[in-house]
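# Chain and residue survey
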Amino acid sequence: MTADLATAPLLEVAGLHVWFELPGGRELHAVQDVALTLEAGQRVGLVGESGSGKTTTALTIMGLLPSSAAAAGRVAVRGEDLMPGLENGFRSHRWTDIAMVFQGAMNAFNPVRTVGWQIAEPMIAHGTATGSAAKARVAELLELVGIPAAAATRYPHEFSGGMRQRAAIAMALACEPKILLADEPTTALDVMVQAQILDLLTRLCGDLGLALLLVTHDLGVVAQTCDDVAVMYAGEIVERGRIDALFHDAEHPYTRALFAATPDLYGDEPVASIPGSPPDLARPVVGCAYRPRCPLAFAPCVDVRPVLAPVSATTATPPGTQPLTEPLTEPSTEPARHLVACHAASSARAT
Ligand SMILES: Nc1ncnc2c1ncn2[C@@H]1O[C@H](COP(=O)(O)OP(=O)(O)OP(=O)(O)O)[C@@H](O)[C@H]1O
Ligand SMILES: [Mg+2]
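Just so you know, these numbers come straight off a predicted model, no measurement behind them.

## What to know about unusual backbone geometry
Even without being glycine, Trp95 reaches a positive phi, approximately 75 degrees. If you check the backbone angles, Ala188 has positive phi at about 80 degrees while not being a glycine. Within the element layout of this structure, Ala188 appears in the loop between β7 (179–183) and α7 (191–208). What makes Ala188 exposed here is the crowd of 12 C-beta atoms within 10 Å.

## Re the site of ligand 1
By nearness alone, 16 residues border ligand 1, and Ala30, Ser50, Lys54, Thr55 and Thr56 come closest of all. If you list the elements that add at least two residues to the shell around ligand 1, you get β2 (27–38) and α2 (54–62). It is α2 that provides the largest number of residues to the shell around ligand 1, a total of 3 residues. Of the residues contributing to the shell around ligand 1, the split by class is 5 nonpolar, 10 polar and 1 charged.

## A closer look at the sheet that holds strand β4 (residues 69–77)
Ordered by their spatial adjacency, 4 strands build an open sheet running β2-β1-β4-β5, and the pairing between neighbours is antiparallel. Among the strands making up the open sheet, the edge pair consists of β2 and β5 (80–81). Here strand β1 (residues 11–21) runs beside β4; their pairing, made up of 8 bridges, is antiparallel. When the bridges of β4 are listed, Val13 appears paired with Val75.

## As for the nonpolar core
One finds Leu181, Leu212 and Val231 to be the most contacted residues of the largest nonpolar core, which totals 96 residues. Sort the elements by how many residues they give to this core and helix α6 (residues 161–172) lands first, with 7 residues. In this view, Leu181 contacts Ala58, Ile61, Met62, Ile98, Met100, Leu213 and Val215; residues no more than four positions away in its chain are not counted.

## A few points about the packing of helix α4 (residues 115–126) against α6
Axis separation between α4 and α6 bottoms out at 8 Å; the angle between their running directions is 25 degrees. One finds that α4 runs roughly parallel with respect to α6. In this structure, α4 meets α6 at a crossing whose hand is right-handed. Contacts between α4 and α6 involve Val115, Gln118, Ile119 and Pro122 from the former and Ala167, Ala170 and Met171 from the latter. When the residues that make up the contact of α4 with α6 are grouped by side-chain class, the tally is 6 nonpolar, 1 polar and no charged.

## Quick look at the confidence of the model for the protein
On average, residues of the protein carry a pLDDT of 88, and 86% of them reach 70 or more. With pLDDT under 50 throughout, residues 313–333 is counted as low confidence; its partners more than four residues away or in other chains account for 13 contacts.

## Digging into helix α5 (residues 131–144)
Helix length check: α5 (14 residues) gives 20 Å between terminal C-alpha atoms against 20 Å at 1.5 Å per residue, within 8%. Every buried residue belonging to α5 is among Ala134, Arg137, Val138, Leu141 and Leu142, and all of these are buried. All buried residues of α5 fall inside an arc of 135 degrees around its axis, so they share one side. The outward face of α5, more than 90 degrees from its buried face, is lined by the exposed residues Ser132, Ala133, Ala136, Glu140 and Glu143. Looking at the buried residues of α5, the elements they touch are α4 and α6. Gly146, located one to two residues past α5, shows a positive phi value of around 85 degrees.

## Points about the packing of α4 against α5
Following both chains from N to C, one finds α4 and α5 inclined at 120 degrees, their axes separated by 9 Å at the closest point. Of the possible angle classes, the one that applies to α4 and α5 is oblique. Where α4 crosses over α5, the two elements pack in a sense that is right-handed. Of the residues in α5, those touching α4 at Gly116, Ile119, Ala120, Met123 and Ile124 are Ala134, Arg137, Val138 and Leu141. A breakdown of the residues in the contact of α4 with α5 according to their chemical character gives 7 nonpolar, 1 polar and 1 charged.

## Quick word on the environment of Leu258
As for its position among the elements, Leu258 is in helix α10 (residues 253–260). Taking C-alpha positions, Leu258 is 9.3 Å from Val231, a pair spaced 27 residues apart along the chain. Those residues in contact with Leu258, other than ones at most four positions away along the chain, are Val47, Leu219 and Val231.

## A short note on the sheet that holds strand β8 (residues 211–216)
The strand order across the open sheet built from 8 strands is β6-β7-β8-β3-β9-β10-β12-β11, with neighbouring strands paired in mixed fashion. Two strands close off the open sheet at either side, each with one partner strand: β6 (98–101) and β11 (309–310). Two elements, strand β3 (residues 43–47) and strand β9 (residues 228–233), share 4 bridges in a ladder whose sense is parallel. In the strand pairing of β9, Val47 is matched with Val231. Where α6 meets the sheet, its contacts fall on β6 and β7, and the angle it forms with β6 comes to roughly 165 degrees. Relative to β8, α7 is tilted by about 160 degrees, and along the sheet it contacts β3, β7 and β8.

Rules of the game
- Residues numbered from 1 in each chain as written.
- Chains lettered and ligands numbered in written order.
- Predicted model: local features only at pLDDT ≥ 70, side-chain atom pairs only at ≥ 80, totals over all residues.
- Helix = DSSP H or I, 4+ residues; strand = E, 2+ residues; numbered from the N terminus.
- Buried ≥ 20, exposed ≤ 12 C-beta atoms within 10 Å, placed from the backbone.
- Near = placed C-beta within 6 Å.
- Nonpolar A, V, L, I, M, F, W, Y, C, P; charged D, E, K, R; others polar.
- Pairing = 2+ DSSP bridges.
- Core = buried A, V, L, I, M, F, W, Y, C linked by C-beta atoms within 7 Å.
- Contact = placed C-beta atoms within 7 Å.
- Axes fitted to C-alpha atoms, helices over the stretch in contact; angles between N-to-C directions.
- Parallel < 35°, antiparallel > 145°, perpendicular 65-115°, else oblique.
- Left-handed = near helix turned anticlockwise from the far one by under 90°.
- pLDDT = per-residue confidence, 0-100.
- Expected span 1.5 Å × (residues − 1).
- Arc of directions from axis to C-beta.

Now the structure itself:
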């Protein structure tokens, strides 16, 4: 392995564009210029309203887009770009390196097969275990997600929603992936069970060194689980950073509106819904996609698309301008941690 590959991020998504061919020759641009990285043990939330492109991003990383979709950009595991080889590139990494708990997975079990049989299936398909070894691994996986091993012989309808979601996570972990994409893993679960599933995901990242991309429309879920968050709006990442930084100092008006629309855990805070609706992604979006809903919109937002930029000079130190308080360190080559794509935010900083 070359030095570059050894130091490359575990997962790197860069310049990702995904579009769907619609009847009549139109195109729907679901994901635009998305960039993300994930390292072992890191928990990143991908959050946004319905239709913002979260599932499409995750399915692209799995190489499981429908045939009506096309994608461009980079999806790399430890520096190996999976996109050029398309199907072949993804197939060799799917489930063994990158696994996904699909949106609605806990309701997608085959009702006439036992849970244990269904967890064993991907192992048998990938040849990672067969026969008694597969059975032993199913028992181990069930215990790992907090289900007694004896429950392997039960059918999905005998499980509660929370247990089915645990089983769906066990199934995704069957081939010992390094990266887990979990798409809305707690939607439709009550608050207590939701917290247990989020604790489980956090524990798995710590114990197994799993990198987690947690896809959700709920910032509260991200706040309970993740270190970092990327906020998607109309197919683009509009703000990215540490969850605590965004919680205290969200720069994008959409992120602030999302926080305002997130009920607190005890439900005693008023919840403000975000007025208006996202743009039709089958029509070209000129300028900022959030402009029609934005309380801060001004002239540049009409025709100039904002791009992600560092929030403050301290997070992205240009070479040669290292502060004197750290005289012995090299200029930072670390990517900026807090980024925002908003003309109003950058204009406020400039004044
Ligand atoms: N197979 C498809 N064909 C055409 N358009 C699609 C297809 N799948 C998704 N889209 C469109 O792509 C956009 C992004 O959808 P996606 O499912 O990724 O959003 P999401 O953020 O996961 O939403 P949700 O929170 O509802 O799950 C939407 O406009 C959606 O209608
Ligand atoms: Mg989705």
